[in-house]
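Notes for the structure review
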Amino acid sequence: MESRVLEIKDFSMYYGDTKAVDNISMDVYKNKVTAIMGPSGCGKTTLLRSINRMHELVADTRTTGEIRLYDTEIHSISPIVLRRKIGMVFQRPNPFPTMSIYDNVIAGYKLNGIRLKRADRDIIVEDSLKKAALWEEVKDKLHRKGTFLSGGQQQRLCVARALAMKPEILLLDEPTSALDPKATTKIESLIEELKIYVTMVLVTHNMSQAARVSDYTAFLFLGELVEYGQTQKMFTTPEDKRTEEYLTGKFG
Amino acid sequence: MKSDTVFKYVLHLIAVIILALLSLIFITLFVNSLPSIKSLGLKFFISTRWNPVKGEFGALPFLVGTLITSFLALIISTPFSLSIAVFLSEYFKRGALSSVIRSGVELLSGIPSVIYGFWGLFVLVPVIRNLELKLHVPPYGVGIFTASLLLAIMIIPYSASIIREVMKLVPADLKEAAYSLGATRFEVLKGVVIPYSKSGITAGLILALGRALGETMAVTMVIGNANVLPTSIFAPSNTMASIIANEFSEAVDSIYLSSLVELGLLLIVVSAAINIISRWVIKRTSKV
Amino acid sequence: MGYQKDVKSLMEKEINKNLENNQSFIVNDKHIFFRKIYNILFKTSIILFSIISIIPLFLILFYVLQKGITAIDWDFFVKLPKPVGVEGGGISNAIIGTFLIILMSSLMSVPLGVGTGIFLSEYQNSKLAYVVRLFVEVLQGVPSIVMGIIAYLWVVRPMGIFSGFSGAIALGMMMLPVIIKNTEETLKLIPHSLKEASMSLGVPYYKTILKVVLPSSISGIVTGVLIGIARIAGETAPLLFTAFGNPFMNLNIFKPMNSLSLLIFNYATSPYQDWHRIAWGASLFLIVFVLFTNLVANGVAKKWKVEF
Ligand SMILES: Nc1ncnc2c1ncn2[C@@H]1O[C@H](COP(=O)(O)OP(=O)(O)OP(=O)(O)O)[C@@H](O)[C@H]1O
Ligand SMILES: [Mg+2]
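Residues numbered from 1 in each chain as written. Chains lettered and ligands numbered in written order. Predicted model: local features only at pLDDT ≥ 70, side-chain atom pairs only at ≥ 80, totals over all residues. Heavy atoms only, no water.

**Quick look at the overall build of chain B**
Here is the rule: Strands are runs of DSSP state E lasting at least two residues, helices are runs of H or I lasting at least four, and both sets are numbered from the N terminus onward. Whether two residues are in contact is decided by their heavy atoms, any of which lying within 4.5 Å being enough. Positive charge is attributed to Lys and Arg, negative charge to Asp and Glu, and no charge count is given to His or to the chain ends. The atoms used to mark charge sites are NZ of Lys, CZ of Arg, CG of Asp and CD of Glu.
Secondary structure assignment for chain B yields 11 helices and 2 strands. Secondary structure of chain B in N-to-C order comes out as α-α-β-β-α-α-α-α-α-α-α-α-α. Expressed as lengths along the three principal axes of its C-alpha atoms, the size of chain B is roughly 75 × 70 × 30 Å. Residue pairs in contact within chain B that sit at least 24 positions apart in sequence constitute 71% of those at least 6 positions apart. Looking at charge distribution, chain B has the averaged site of its 22 positive side-chain charges lying 5 Å from that of its 14 negative ones.

**Describing the overall build of chain A**
Short version of the rule: Only protein chains enter the accessibility calculation, which uses a 1.4 Å probe; a residue whose area is less than 20% of its type maximum is buried, one above 50% is exposed, and one in between is partly exposed. Working definition of accessibility: Shrake-Rupley area with a 1.4 Å probe, residue cover restricted to the visible protein chains.
Looking only at helices and strands, one finds 11 helices and 10 strands in chain A. Viewed in the frame of its principal axes, chain A has a C-alpha envelope of about 55 × 40 × 35 Å. Within chain A, the fraction of its 252 residues that count as buried is 58%. For chain A, the share of sequence-separated contacts (at least 6 apart) that also reach a separation of at least 24 residues comes to 68%. For chain A, the computed accessible surface area is about 10300 Å², with 47% contributed by carbon and sulfur atoms. Of the charged side chains in chain A, 36 are positive and 33 negative, and the gap between their average positions amounts to 7 Å.

**Comments concerning the pattern of salt bridges**
Residue and element names in this part refer to chain A. The condition that has to hold: We define a salt bridge as a contact between a side-chain nitrogen of Lys or Arg and a carboxyl oxygen of Asp or Glu at a distance within 4 Å.
Taken as a whole, this structure holds 30 salt bridges over all chains when the rule is applied. The closest approach of N and O atoms between Glu7 and Arg4, which form a salt bridge, is 3.4 Å. When its relative accessible area of 37% is taken as the criterion, Arg4 is described as partly exposed. Arg53 is paired through a salt bridge with Glu56; the nearest N and O atoms lie 2.6 Å apart.

**Notes on the layout of surface pockets**
The condition is simple: Using a grid of 1 Å spacing that covers the protein atoms alone, one calls a set of points a cavity when a 1.4 Å probe fits there but cannot get out, and a pocket when the set is open and has protein on both sides within 12 Å along at least five of seven lines; lining residues are those with an atom within 4 Å of a point. Grid points are joined across faces, edges and corners, and a volume is the space filled by probe spheres set on the points.
Its volume calculated, the second largest pocket comes out at about 800 Å³. If you go around the second largest pocket, you meet 24 residues; those closest to its centre are Glu56(A), Leu57(A), Glu90(B), Tyr179(B) and Arg185(B). Those elements that provide at least two residues to the lining of the second largest pocket are helix 2 (79-85) of chain A, helix 3 (60-91) and helix 7 (172-180) of chain B together with helix 2 (29-69) of chain C.

**Considerations on the confidence of the model for chain B**
Put simply, the rule reads: Think of pLDDT as the predictor's per-residue confidence, scored from 0 to 100.
In this model, chain B carries a mean pLDDT of 94, and residues with pLDDT of at least 70 account for 99%. We note a pTM of 0.91 for the whole complex and an ipTM of 0.94 for its interfaces.

**Topic: helix 1 (residues 2-40) of chain B**
Residues and elements named next belong to chain B. The test is simple: The length a helix should cover is 1.5 Å for every residue beyond the first. In this analysis the local bend is the angle between axes fitted, respectively, to the seven residues ending at and the seven residues starting at the residue.
The end-to-end C-alpha distance of helix 1 is 56 Å, a good match for the 57 Å that 39 residues give at a rise of 1.5 Å each. Along its length, helix 1 shows its largest kink, about 45°, at Ser33, and proline Pro35 lies within four residues downstream of that point. At the C-terminal side of helix 1, Gly41 shows a positive phi close to 60°.

**Examining the site of ligand 1**
Residue and element names in this part refer to chain A. Here is the rule: Whether a residue is near a molecule or strand is decided by its heavy atoms; if any one of them lies within 4 Å of it, the residue is near. We call two N or O atoms a polar contact when they sit within 3.5 Å, provided that within protein one can donate a hydrogen and the other can accept it, with sequence-adjacent residues counted only if both atoms are side-chain atoms. Under the scheme applied here, ten amino acids are nonpolar (Ala, Val, Leu, Ile, Met, Phe, Trp, Tyr, Cys and Pro), four are charged (Asp, Glu, Lys and Arg), and all others, including Gly, are polar.
Every residue near ligand 1 is listed here: Tyr15, Ala20, Ser40, Gly41, Cys42, Gly43, Lys44, Thr45, Thr46, Val58, Glu174 and His205. Here a nitrogen atom of ligand 1 and a side-chain polar atom of Tyr15 are 3.3 Å apart. Within the backbone of Gly43, one N or O atom sits 3.0 Å away from an oxygen atom of ligand 1. Protein contacts shield 58% of the accessible area of ligand 1, which totals 630 Å² for the unbound molecule. No other element matches the 3 residues that helix 1 (residues 44-51) contributes to the shell around ligand 1. Class assignment of the residues belonging to the shell around ligand 1 gives a composition of 4 nonpolar, 6 polar and 2 charged.

**Digging into the interface of chain B and chain C**
Inclusion rule: Buried area is a sum: the accessible area each of two parts loses on coming together, probed at 1.4 Å, counted once for each and added.
Contacts between the two partners involve 75 residues from chain B, matched on the other side by 77 residues from chain C. Buried surface at the junction of chain B and chain C, summed over both partners, amounts to about 6800 Å²; 83% is from carbon and sulfur atoms. Seen at the junction of chain B and chain C, the total is 2 salt bridges. Between Glu187(B) and Arg35(C) there is a salt bridge, with the nearest N and O atoms lying 2.7 Å from each other. At 20 residues, helix 1 of chain B tops the list of elements feeding residues into the side of chain B that touches chain C. A breakdown of the residues in the side of chain B that touches chain C according to their chemical character gives 53 nonpolar, 16 polar and 6 charged.

What follows is the structure in structure tokens.
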């Protein structure tokens, strides 16, 4: 049996009066990749951002139901603590342009005012960049600006930045949609490798990507969770008709 | 077709007129400053004696007075204008409190300078006089400090709106990245927003300084109009703009008038330089 | 994947370190407590400073209202100023002077400003447009007192007399940048398709601009003019040695002319209490006029907006 990291239970989320996520229940398992799929506007991003409470940055949002990290309801934890435990990688690479590569990696510590010894910092930077498969490419230019890197490298830098905080879960919102195929392949194999360190939730538009890298897949449609289960099973024998239609390209 | 061609010519002509207008402004000022430039030269800027009756024209007191009042006003106003910018662009983008502050600042910027001066003369000056009595400095009431305080109030809306524009340019996804690392709002501001918009903010503050340098009426009414080098920040003084306001219509002989025009030329050159450089810096930040 | 093995062997160490780190960095309650405190303190001071910044507004408005309201009655608007010591009198000459000067400034700056705005939006990326924009920026930054000097040198000195006309020149130049920028911004919002639709119907270019594009952006242009008027209505410095002021009624634009702002300045700096009172009344009137003009400008912008 898999061990559960995150438990989403009867969770709904509203922008003002419009319901963007409708009564979703699902579990996320440790050291697995869970993909969230579905047509545009179905609430994938919204669900993902609710997990580390990023949705609270948008005015006039409201949630019902619960999300538990291990056994703690996430709304009972301060968001600044929660977000360190649940890191995030965004659709478009967004390294801090005012910081060097090195500083980007330890940006979380810097921003949060955590003072580290030089040696500790070096370890964290090297370690995170190695995990993000970027170390070899940047080890000689750690003190150059991160914005000089290619798109794919920038995205891996963002992964390293998130990993540096040693999160329990890493949320990835279409991390390859702004990248070329080569960089996409690189990120995908990175996701495979990272499984041993961190649980991942991946939003993707790309079905074959979900099939390639994920262990579990959730299919969302109009804010509802239509189907959730092991990726292999879902892609071969989907239970719901809507899932099947989506997978065969009937809509989306 | 023919009328179209004419129309296009007219449009270009109008554009050229605008160019000619500003060029003519500079040329007029320069030509009319020539008598003073020729006969006084550099002495104009380094001599401290201003006595038109004796034919002494040293503008140093006004340069010093202008710089001190403007910088002091900038220093006093900066925490407030920064706060307003942060308030409106980060904390309260909408809602009642936001519109109170926003319209308050807008109204503040609409009040004519002469009314600031009038109010300053009757409300601020007595307050400062009391303060000066407590501090055991000569209780003029009017002087550099009063002028700076009034100027500070006047430039807050201006610098706040520029800083706000600059802060709006900070990409939302950078802020989100910082939040996703567990930063508090304060830390996001300190660690991401401010570093990103630093040069733009500086440019905005310099633009506000430019505003303060040329501000005339309010300053003229409360600065005390003393044509000597100021000895303290409470001392009466004069700025370039206020000396022009006070003496231009009395200036009959040509060197006297010319020396005041030269001050005007200096003012316009400095504010043009400030404008061009600051806008360039702000435009550059928006392209990063 | 050369360091794959390397990474795997690191795994165990990693998990331990993870725990350690969690304890030392993440779940450090005291540190988090202080971060939250800083955050709250910062927010509080931002709110505090913002509120303090607009307190002067209320102080000024309140003071002007309190002092000014007692000066305002019917006579105030229709009578001429009385000599020192004589009770009563009004500021009719200053009101009329102000409106005449504003009218003249607008007549001079609106055609030129709207024309330049059209040019800038039609030739957005031309070199000339680039330079014009720069010049407009500089023009906007010219200190108002310098405009006074210019109008003096251009008009007053050659004509040998102070005049409302020269004051209007100075103020007109101050209005120009506001009108230009507003016109340009508004015209840029007009969709290209509108122009193309008109041209494709065979309407000549100049008619398309004047009869189709301009009318649909009229609200933006009017807004610009009103903002420009609000900006110059209270200007004093450029009038000191141009319009100069005049205690009598004068409708001749080539003679010295009074304005509200000049009257306020002259009376405010005089030693007479009676005059102070009148100056407060004039200030109240001027503030109301300026704020009202701004309000109308906002209203026009909203109400007359042509939606696309
Ligand atoms: N800030 C917001 N305010 C109001 N409604 C929003 C906001 N963000 C998203 N929505 C709405 O919520 C619904 C879900 O949006 P969401 O961004 O989660 O979809 P998505 O599945 O991520 O789509 P995509 O695949 O295009 O990224 C949409 O209908 C969208 O219009
Ligand atoms: Mg999305």
